[in-house]
Amino acid sequence: MDVIIEIFKSIFYGLMQGLGEFLPISSSGHLLLAEKLFGITDGGYSFTVLLHLGTLAAVLFVYRKRIIEMILHPVRQFKYWLWMIVATLVTVAMALAFDDLIDEAGSGKVLGFCFLLTALLLLLTDVMRRRTKAWIT
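Here the residue numbers are simple positions, counted from 1 along each chain's written sequence. Whole-chain, interface and lining totals are the exception, using all residues; otherwise, since this is a predicted model, local features are given only for residues with pLDDT of at least 70 and side-chain atom pairs are given and counted only at 80 or more. Neither water nor hydrogens contribute to the side-chain values; these are computed over all heavy atoms in the structure.

1. Some points on the confidence of the model for the protein
Phase 1: For the protein, the mean per-residue pLDDT works out to 81, and 87% of the residues sit at or above 70.
Phase 2: What pLDDT reports is the predictor's confidence in each residue, on a scale of 0 through 100. Under the scheme used here, helices are H or I runs from DSSP no shorter than 4 residues and strands are E runs no shorter than 2 residues, and both carry numbers assigned from the N terminus. Averaged pLDDT values over the elements of the protein bottom out at 71 in helix 6 (residues 99-103) and peak at 92 in helix 4 (residues 64-72).

2. Regarding the packing of aromatic side chains
In this description, a pair of aromatic rings is defined by centroid distance and the angle of the planes.
Phase 1: Ring pairs are drawn from Phe, Tyr and Trp, using the six-membered ring of Trp, whenever the two centres fall within 6.5 Å, and their geometry is named by plane angle: stacked under 30 degrees, edge-to-face over 60, tilted for the rest. Following the criterion strictly, the structure yields 1 aromatic pair and no others.
Phase 2: Residues phenylalanine 12 and tyrosine 13 carry aromatic rings whose centres are separated by 6.1 Å and whose planes lie at 40° to one another, so their mutual orientation is tilted.
Phase 3: The exposure class of phenylalanine 12 is partly exposed, given its relative accessible area of 28%.
Phase 4: Each ring is checked for a lysine NZ or an arginine CZ that lies within 6 Å of its centre and within 35 degrees of its normal; such an atom marks a charge sitting over the ring. One Lys or Arg, arginine 66, reaches over the ring of tyrosine 80 and ends 4.1 Å from the middle of that ring. For the exposure calls, accessible area comes from a 1.4 Å probe over protein chains only, and a residue counts as buried if that area is under 20% of its type's maximum, exposed if over 50%, partly exposed in between.

3. Let's talk about the environment of tyrosine 80
Phase 1: Take tyrosine 80: it is sitting in helix 5 (residues 78-97).
Phase 2: Tyrosine 80 gets classed as partly exposed once you look at its relative accessible area, which sits at 26%.
Phase 3: A sequence separation of 14 residues divides tyrosine 80 from arginine 66, and the C-alpha atoms of the two residues are 9.3 Å apart.
Phase 4: The contact criterion used throughout is that any non-hydrogen atoms of two residues lie within 4.5 Å. With sequence-adjacent residues up to four places away left out, tyrosine 80 is seen in contact with Arg66 and Met70.

Okay, structure coming up:
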């Protein structure tokens, strides 16, 4: 019976990660929320890493043509390399700057605050997009 429950939890987490990764939400945050709501404490970092490796495999599959093009023609694809480097540097800087906050993300208050902050940023960018679109036309 325990094996069936573990399989169900794995499928549930896989669906959350797979669907959440391609939406403008924090898939990791929602996994953490599910752990808190359902009281799941086992699995740990290795399971989370495996979930993210599955996501990486899906991304590599979907973008395989572009990745091959970037590898074969790095000069022609310079802007994509540049954006990847910039995105990586910003992510590393944020992770280093907010390391303590990230470690405390397990608490419900921090997780809730981060969800609210994400919602506010999404709302703000949508409003800005609409205003820019109205201004251009």
